[in-house]
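Notes for the structure review
Residues per chain are reported as follows:
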Amino acid sequence: MNRKKNLNPVFHLQNKKEDEGQLSKGMIKIARKSGCLNLSGRALASVPPKVWHINEPDKEDLDVNFAKEDKSEENEWWNQKTLSNLDLSSNVITSISTEIGCLQDLEILNLRDNALQSLPNEIGQLRKLIKINLSHNKLTKLPKAFFDLVDLRKLTMSHNQFSEMEPELNNLLMLEELDLSHNELTSIPEGIGFLVRISKLSLSHNKLKTLPDDIVNIRRLNTLDVMNNDLEQLPSQMGELRKLEFLYAQHNDIVELPVCNGCESLKEIHISNNFIKEIPPDFCQNLPQLKVLDLRDNKIEKLCSEIAYLQSIMRLDLSNNSINSLPSSLSTLSHLVSLQLDGNPIRSIRRDIIQGGTIRILKLLRDRFSQEEHADEVKSSVPTIGAENKTFPDRFQMRKARSLAISGKDLKDIPDSVFLTAQEESIDKVDLSKNKLPSFPDGLSYLEAFLSEIDMSNNCISSVPTFMSQFTRISYCNVANNSISDLPKEFGLLDTLRELNISYNKLTKIPDCVYELRSLEILLARDNKIEKIDVSATGLAAVPKLATLDLANNNIDHVPPELGLLKKILVLEIGGNKFRQPRQQILEKGTDSIMSYLRDRIPQ
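Quick notes on the rules
- Numbering of residues begins from 1 in every chain and follows the order in which that chain's sequence is written.
- Per-residue local features of the predicted model are confined to residues with pLDDT of at least 70, and side-chain atom pairs are confined, for both listing and counting, to 80 or more; whole-chain, interface and lining totals are unaffected and use all residues.
- To obtain the side-chain values, all non-hydrogen atoms of the structure were used and water was disregarded.
- Strands here are runs of E lasting at least two residues and helices are runs of H or I lasting at least four, both read from the DSSP assignment and numbered beginning at the N terminus.
- Residue contacts follow a heavy-atom distance rule, with two residues in contact if any of their heavy atoms lie within 4.5 Å.
- Areas reported as accessible are Shrake-Rupley estimates using a 1.4 Å probe. Residue values count occlusion only from the protein chains shown.
- Each reported salt bridge corresponds to a side-chain nitrogen of Lys or Arg within 4 Å of a carboxyl oxygen of Asp or Glu.
- Accessibility here uses a 1.4 Å probe with only protein chains present; expressed as a share of the type maximum, an area under 20% marks a residue as buried, one over 50% as exposed, and anything in between as partly exposed.
- A pair of strands is treated as paired once DSSP finds two or more bridges between them.
- Only the stretch in contact is used when fitting a helix axis, every axis being a line fitted to C-alpha atoms; angles between N-to-C directions are given from 0 to 180 degrees.
- Polar contacts here mean pairs of N or O atoms no more than 3.5 Å apart (in protein, one a potential hydrogen donor and the other a potential acceptor; neighbouring residues in sequence count only if both atoms are side-chain atoms).

Secondary structure assignment for the chain yields 11 helices and 21 strands. Partitioning the intrachain contacts of the chain with sequence separation of at least 6 by distance along the chain shows that 38% fall at a separation of at least 24. Carbon and sulfur atoms make up 47% of the accessible area of the chain, which amounts to about 29700 Å² in all.

Listed below in structure tokens is the structure:
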């Protein structure tokens, strides 16, 4: 018996009517109840027009004669949720209607895996959007209005065809995750350092030859992925990225390891398949917390004995380099569980031992290490300061910790020789808290080129010296629990300062110089005698990156409603003051409620 042939193709683009049929009444009902609409993987060639007006009541919803069972409280159109989450991923959509601007309450938009070549300007009207996924499309540029989405937190644009990125990208100041991987980018616009809230940045699989110098201003950066590019070097001030934990830079043209002095959180460095020739001693000394170091397929010829400073290292991959010997100090790495050495011309260790794995290699090196008089050599080569006074750390301690820490010693003075030694070791952190110092030691001025953090809290200090303005790299300053009544105007020149703690002092107002700190993110000024909150254009409104403001327990008798317009503030503490409004019930609900309350009180 002859069977009728199926003339319909296995796959065909749906026409408009078929696309509209994918949006059933049941789906609309669920979307109105939950605020979420999922049209993923439905072979849509276009978006059903009803999607853009899904929040608008249907004609039958307004008809007083509609069925009794539809009159339940949950089905009343005025009680339904507006659309906040729209998933159109994994379709074949080629364009988005300008009517997308009707979805004013949309917070999450997923357009991943389609055939989009452009976006409409009206997408910029989705001012509540916090997450958008545009990956796996054919986009080459974004409309100008896109960069009006100032509340956007996560932006994914991987696997597109971008050859350049608009400088307006830097307007998205609230971004926390940015993925531009798998494109054709040859550069990243200067000013990306303004995106200080980014914790994860992916630029892999592009054609980048350099990274902007100000990328190190993204102080919250946790993960940086720049693998598979054409980079010849990484930024010189990598040490500014104090919260960086993961660095991926494989498959580039990098010839030197980055200077990571200050990367105190760095746990993993993946920098294989490059042209690195050595591991500098300073590199090892600055990363005592590093757990993974992948240097396979480079040009390394020798390992320095300072590799022993990597005391937390668990995995060290040196495969396919040009190393011909190993230092005995490698055996002191007690946490090392994986040491990869294949593809190196090592002659000082038999091949069968290398093939035996990490345990056998380290055992051989330990046996050799015990036969050397290494300990005596180290003692004779490490000069100390203040040998007669154990109050002060020696040079070796400074070098190992990259800091000068003399806390809780009841000191009234610190000799200049201590700071001169600290200068020689290029230390970048100073902790002189919990002493009895009457002023900033003059010797601190020797560290103006290196210092990034200073803690002078819990002393007897009444004024801050003007030479503080010369600290060109400082990002953290703590002078809490002193007797300070003002700050010098020169303090406003610290354009790298990110956190300032002036709590528990004698301030009657926020010093004017604070409003000039353009990089300031955290201001702690609780338990003073501050009487006024200045939110004018020359006051707090002039501090563009301020995210945390603590003014609790002061003498403030009025909270200006305009404070609610400073939307960058994520943490606000104002309890324990004289004002009556906002009431305690509002304060207890947290920052969002306080800010919303203040905005509502602004005169129309």
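It is worth spelling out the pattern of salt bridges at this point. Counted under the stated rule, the structure contains 20 salt bridges. For Lys154, the salt bridge goes to Glu177, with nearest N and O atoms at 3.7 Å. Of the two residues, Lys154 is situated in strand β5 (residues 154-156) and Glu177 in strand β6 (residues 177-179); the sequence distance between them amounts to 23 residues. Accessibility expressed as a relative area gives 28% for Lys154, which makes it partly exposed. Beyond isolated ion pairs, a larger network of salt bridges with shared partners links Arg242, Glu264, Asp428, Lys429 and Glu453.

This paragraph deals with the sheet that holds strand β19 (residues 522-524). If you walk across this open sheet you meet the eight strands as β14-β15-β16-β17-β18-β19-β20-β21, and the pairing is parallel. What marks the edges here is a single partner per strand, and that holds for β14 (403-405) and β21 (571-573). Averaged over all neighbouring strand pairs, the angle between strand axes comes to 5 degrees, with direction disregarded. With three bridges joining them, β14 and strand β15 (residues 429-431) adopt parallel strand pairing. Bridging from a neighbouring strand, Ala405 pairs with Asp431 of β15.

Summarising the element assignment, Asn505 is placed in the loop between β18 (499-501) and β19. From its side chain, Asn505 meets the backbone oxygen of Val479 in a polar contact 3.1 Å long. A distance of 3.3 Å separates a polar side-chain atom of Asn505 from the backbone nitrogen of Asn482.

As a further point, take the side chain of Gln289. Considering the arrangement of structural elements, one finds Gln289 in the loop between α4 (281-285) and β11 (292-294). Here the side chain of Gln289 touches Cys263 through a polar contact of 2.9 Å, landing on its backbone oxygen. For Gln289, the contacting residues outside a window of four places in its chain are Cys263, Glu264, Ser265, Leu266, Lys267 and Ser312.

By themselves, these figures tell us nothing about what the structure is for.
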